[in-house]
Amino acid sequence: MDETAERSIGKALEYGALRVVAGFLLLIPFTLRARLMEVFARFLFSLSKRYRSLVQDHLQLAFPEKSRDWILDMSRRNAATMGRLFAELIQTPSVNAAFFSRRFAIENEELQREIFARGGIAILGHLGNWEWHGLLGARLAGRPIYTIVKRHTNFWSNRYAEKSRNEVGMRLIYVDQNPFEIVRLLRRGEFVAFTSDQ
């Protein structure tokens, strides 16, 4: 476990509050929970001038040819996506086979199974829910997959995320670990994935 992650009382309270909220949200059926979190995230987005400006500035940099209305619409959609991702994140540890089969449509399943089972490295954009991507990859491979991630700044959040990811077949390699670990895993025929911003 990372010794540099913060263990302050404030971080402990932050983590505790998050777990209480997550526990309450898990009482709500998933589809309704995802929708509620989208609406709530849009509401928070409308209140946070700093975050709103950050998202809109980055969209403007990435898409200078787009209109102001398009930028505003995309930034609101981004907020809704973040809410839905939170609903998915707290669901991850309890995704069972029935939930999996209802929620995931897998195209070219045999090809994907072969790719994951063969091992290799995937360099991807940071798009979508990486908890569920990792869960899907591990299920298709029939063995754990390794993901390169940054540590959370909150010690307890990091510990919870690591435990949740391990439970669904993801093994973590932190960016501050020895890079030769990745080489060792690839030589062993493991599947290693990381996003371009990690």
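What counts and how
Numbering of residues starts from 1 in every chain and runs along the sequence as written. With pLDDT at 70 or above as the cut-off, local features in this predicted model cover only qualifying residues; side-chain atom pairs require 80 or more to be listed or tallied, and sums for whole chains, interfaces and linings still use all residues. Side-chain numbers here rest on the full set of heavy atoms in the structure, without hydrogens or water. Working definition: helices are DSSP H or I runs of at least four residues, strands are E runs of at least two. Numbering for both runs from the N terminus. Here's how the labels work: a residue is buried when its accessible area is under 20% of the maximum for its type, exposed when over 50%, partly exposed in between, all with a 1.4 Å probe on protein chains only. We call two N or O atoms a polar contact when they sit within 3.5 Å, provided that within protein one can donate a hydrogen and the other can accept it, with sequence-adjacent residues counted only if both atoms are side-chain atoms. Here an axis means a line fitted to C-alpha atoms, over the contact stretch when the element is a helix, while the angle between two N-to-C directions is reported on a 0 to 180 degree scale. Working rule for angles: under 35 degrees goes down as roughly parallel, over 145 as roughly antiparallel, 65 to 115 as roughly perpendicular, anything else as oblique. When checking whether two residues touch, look at their non-hydrogen atoms; a contact exists if any pair is within 4.5 Å. Ten residues, namely Ala, Val, Leu, Ile, Met, Phe, Trp, Tyr, Cys and Pro, are considered nonpolar, four, namely Asp, Glu, Lys and Arg, are considered charged, and the remaining ones, Gly among them, are considered polar. Only one rule defines a salt bridge in this text: a Lys or Arg side-chain nitrogen within 4 Å of an Asp or Glu carboxyl oxygen.

Draft legend 1. Structural context of the side chain of Asn 154. Mapped onto the secondary structure, Asn 154 falls in the loop between β2 (145–149) and α8 (155–167). On the accessibility criterion, Asn 154 (3% relative accessible area) is buried. Only 3.2 Å separates the side chain of Asn 154 from the side chain of Glu 14, close enough to count as a polar contact. Among the polar contacts made by the side chain of Asn 154, one reaches the main-chain amide nitrogen of Trp 156 at a distance of 2.9 Å.

Draft legend 2. Representation of the packing of helix α6 (residues 109–118) against helix α7 (residues 130–141) in the model. In the contact formed by α6 and α7, the axes pass within 8 Å of each other and the chain directions differ by 90 degrees. By the angle class used here, α6 and α7 are roughly perpendicular. Here Glu 109, Gln 112, Arg 113, Phe 116 and Ala 117 of α6 lie close against α7, whose contacting residues are Gly 137, Arg 139, Leu 140 and Ala 141. For the contact of α6 with α7, the per-class residue count stands at four nonpolar, two polar and three charged.

Draft legend 3. Quick peek at the pattern of salt bridges. Tallying each qualifying case throughout the model produces 11 salt bridges. A salt bridge links Glu 38 to Arg 84, with the shortest nitrogen-to-oxygen separation between them at 2.8 Å. Pair noted here: Glu 38 is in helix α2 (residues 30–47) and Arg 84 is in helix α4 (residues 68–91), with a separation of 46 residues, a long-range link. Overall, Arg 84 belongs to the partly exposed group, its relative accessible area being 31%. A salt bridge links Lys 163 to Glu 167; the shortest N-O distance between them is 2.7 Å.

Limitation: the analysis is restricted to geometry and does not speak to function.
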